[in-house]
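Here are the chains, one letter per residue:
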Amino acid sequence: MGIFDRFSRVYLYPGAGKFQARFGFGVAGICWLLYGCASNAPVAEVVPAPDTTITVRAGTTGKPISPELFGIFFEDINYAADGGLYAELVQNRSFEYSSKDRKEWQALTAWELVQRGDGHGSVTVEKGAPRYAGNPILAFLNGAETSIHPNNPHYAVLAVTTGGAGVGLANAGFDGIALKAGDEYDVSLFARQLVGSGGPVTVRLEGKNGALLGETVLPNPTGIWTKYSATIEAMATADDARLVVLTQGEGRLALDMISLFPHKTFRNRPNGLRADLAQVIADLNPKFVRFPGGCLVHGDGLDNMYRWKDTIGPLEQRREQRNLWGYHQSVGLGYFEYFQFAEDIGATPLPVVAAGVCCQNSGAWITGKWGEGQEGLPEQVMPAYIQDVLDLVEYANGPVTSTWGARRAAAGHPEPFNLKYLGVGNEDRITPAFNERFAMIYNAVKEKHPEITVIGTVGPFPDGEDYDKGWKIADQLKLPLVDEHGYKPPQWYWDNLERFDKYDRSRSKVYLGEWAAHDEERRTTLRSALAEAAYMTALERNADHVVMASYAPLLAKRGHTQWNPDLIYFTNTDVVPTVNYYMQQLFSVNSGDTYLPARVEGVKHAEKFAFSSVRDSGSGDLILKVVNAAASAKSLRIELPGVGGMASTAVKTVLGGGDPMDVNDFDQPQRFLPDTSTLAVGPAFDYEAPPYSLTIIRIQGTGKK
Ligand code: AHR
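Our subject in this report is the structure included herewith. Within each chain, residues carry numbers counting from 1 in the order of the written sequence. With the structure being a predicted model, the display of local features is reserved for residues of pLDDT at least 70 and the display and counting of side-chain atom pairs for 80 or more, all residues being used for whole-chain, interface and lining totals. Excluded from the side-chain calculation are hydrogens and water; included are all heavy atoms of the structure.

Here we take up the site of the ligand. The environment of the ligand is made up of Phe73, Glu75, Gly294, Cys295, Trp325, Asn426, Glu427, Tyr487, Glu514, Ala552, Pro553 and Trp563. Side-chain atoms alone can form a polar contact between residues adjacent in sequence; in general such a contact is a pair of N or O atoms within 3.5 Å, and within protein one must be able to donate a hydrogen while the other accepts it. Contacts to the ligand include Glu75, whose side-chain N or O atom sits 2.6 Å from an oxygen atom. In the environment of the ligand, an oxygen atom lies 2.8 Å from a nitrogen or oxygen atom belonging to the side chain of Glu427. In this description, accessible areas are obtained by the Shrake-Rupley approach with a 1.4 Å probe, and a residue is regarded as covered only by the protein chains that are shown. Calculation on the ligand without its partners gives an accessible area of 280 Å², and the protein chains cover 94% of this total. Considering only residue class, the shell around the ligand consists of seven nonpolar, two polar and three charged. Any residue with at least one heavy atom within 4 Å of a molecule or strand is counted as near it. Each residue gets one of three labels, nonpolar for Ala, Val, Leu, Ile, Met, Phe, Trp, Tyr, Cys and Pro, charged for Asp, Glu, Lys and Arg, and polar for the others, Gly among them.

Structure, rendered in structure tokens:
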């Protein structure tokens, strides 16, 4: 170890080493520089020198950086899933919204009765579970008014007394429906003619004032729930369209699962993801995807826990539920889709399951009793709960001949998803109820699936009671990895750059599962992003022990945000990556696999400066990262003793500059963008780091293995 292995703030005259070697009185030289007092100093040697000298031990073996250091954490918060990444354009497609989701919501939220011409009718939402769910042969035995599946009990019934020019329903989408001229949209719905002979069902895309933007006609529904599908081409671009479903057939028509998807989804997956948003996430080059939460996982009360089995299989059979962030989870983006997304972007899946307890803040919005709402699943249901957790591993990795592997194969993925990690618990209060349940789950997974790395939790904060108690259990159970969280002001990150240097390497490794610098008004300022960049240099230095990290939260939809700051903001048509996003991206694509020690001389203690040097063995590139969060430029002398054959120019990427309190926003989405150019380099070269900036210097050919 020693000083070369840590970021050092040694306050020395940059040339002191050479000076001392030649003249033998380096201290006087330092004194001269600092105080101008060394009247006997050899004046001839004094030339304008860079503020800071960085000496990278480029020829050393260095220490390994975890290959999964930078990843993402996806949680359905801020409309990240429904109305966001999940490409479904119809809101409340299954009529399952209720006042449990949000006080003012009900089963017809986002829907409106439409009566065209002389058409006359009404709409109600009915509820009734079928006895012969999923059995098309026996389906006709179900009573006249039963739903498609017990998990999906509500459906709309149009009672049409006069067909006129059509009676039906219009859906407003999530803040309107965005359409692009010439693009195709896949429409589908379940229908059942309950009374009367009915008629064909027309599906229209309509713009403002009912302007027709596309149309299709579906066959006359039968007396059995049947799925009807078609594709509509949009005739014009619009950002506030509606979907309208109409019938002229008199009688009673039941409708459910009314859906509209862009045909072009990310990687063209059916039931897929919004291509532009998914691509921006993929561009982060995340090495892992943690999902589906966050607090969403342990839930607001035991009945709100996220249960993975409710989120797989045919959409009409999934069990929807309240989202504790104040809206609804259609779970159309469910476990299969999460696994598939991770695979599509080349990331390791990292699902998190509840540790058999619900969130300690359960009910607190009503009771005001924050931190006191944790409850444990009753002892008698724990075996079934643990079996669910084991089944998840089988769903991800089991052979197609296994029960859950067969379910994965039926969804179109016979190959395993290569699950390696499983998070158990999220920021839970570490109580006896938690300890007992966590240990039961951990021991069961360890015994049945020793190949899976279980990740424990050490509370919501980077210190305090739950942190200490969480670490105690981690020590007792010898957990391989724990999930640490922390949201702190930018200065905290600067003050804690050496936090992980002090972690005992014999204890559990660390996954920094949720973190972000929270600036004033929780804005995504350049100042916050620079603090994060500095912290990431410390993560790289400690990436033998802090093996994974993910900024949180990832996504936020304008007008539907419960939590700021977030990494990416979006509307139905626009995506705004924050400056913090680009910081994460630059570290992720330049993370390297070997940390190279460096000596940094000439940085004052309180200065906001950070540096890291890594090597990427695959390409042989040496990658230097310089964070200068000061108001003035910093001139650097960079020395690379021991460097192998190297190119004379490097790729230089600079992010930042400008007002540190500025942000990327919808008005100026590109205020801060990485700027790439070339830089002349050599075994020793000078570089001036601009104020308020991150610079990445990527030097080719320094020793490809
Ligand atoms: O990232 C937002 C929330 O912060 C997560 O749901 C929770 O784990 C944490 O408190």
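Past the structure itself, the notes keep going.
Let's shift gears to the packing of helix H7 (residues 382-397) against helix H9 (residues 432-448). Note on method: axes are straight lines fitted to C-alpha atoms, helices fitted across the in-contact stretch only, with angles between N-to-C directions ranging 0 to 180 degrees. The secondary structure listing takes helices from DSSP runs of H or I that are at least 4 residues long and strands from runs of E that are at least 2 residues long, numbered from the N terminus. For the pair H7 and H9, interaxial distance at closest approach is 10 Å and the crossing angle is 45 degrees. When the interaxial angle is binned, H7 and H9 end up oblique. Note that H7 runs across H9; the crossing there is right-handed. Of H9, the residues touching H7 (which contributes Met382, Tyr385, Ile386, Val389 and Leu390) are Arg437, Met440, Ile441, Ala444, Val445 and Lys448. A breakdown of the residues in the contact of H7 with H9 according to their chemical character gives nine nonpolar, no polar and two charged. Angle categories are assigned with fixed cut-offs, so that under 35 degrees is roughly parallel, over 145 is roughly antiparallel, 65 to 115 is roughly perpendicular, and the rest are oblique. Helix crossings get a hand from a simple test, with the near helix turned counterclockwise from the far one by less than a right angle marking a left-handed crossing and a clockwise turn marking a right-handed one. The contact rule is simple, with two residues in contact once any of their heavy atoms fall within 4.5 Å.

We now examine H7. Each helix should span, by expectation, one fewer than its residue count multiplied by 1.5 Å. With 16 residues, H7 ought to run about 22 Å at 1.5 Å a step, and its terminal C-alpha atoms sit 23 Å apart, in line with that. All buried positions along H7 are accounted for by Met382, Tyr385, Ile386, Asp388, Val389, Leu390, Asp391, Leu392, Val393, Tyr395 and Ala396. Contacts from the buried residues of H7 go to helix H5 (335-344), strand S18 (348-353), helix H8 (403-410), strand S19 (421-424) and H9. To sort residues, take the accessible area from a 1.4 Å probe on protein chains only and compare it with the maximum for the residue type: under 20% means buried, over 50% means exposed, and anything in between is partly exposed.

What follows covers the packing of aromatic side chains. Classification of ring pairs uses Phe, Tyr and Trp, with its six-membered ring standing for Trp, and accepts pairs whose centres are within 6.5 Å; under 30 degrees between planes counts as stacked, over 60 as edge-to-face, and the remaining range as tilted. Under the definition given, this model contains 37 aromatic pairs. Judged by centre distance (6.0 Å) and plane angle (45 degrees), the ring pair of Tyr306 and Tyr335 falls under tilted. Here the residue Tyr306 occupies a position in the loop between helix H4 (295-298) and strand S16 (321-323), and Tyr335 occupies one in helix H5, the gap between them amounting to 29 residues. Here Tyr306 falls in the buried class, since its relative accessible area comes to 8%. Since its relative accessible area comes to 1%, Tyr335 is described here as buried. One aromatic cluster is present, built from ring pairs that chain together Phe74, Phe291, Tyr306, Trp308, Tyr335, Phe336, Tyr338, Phe339, Tyr395, Trp404 and Phe417.

What is shown is where atoms sit, not what they do.
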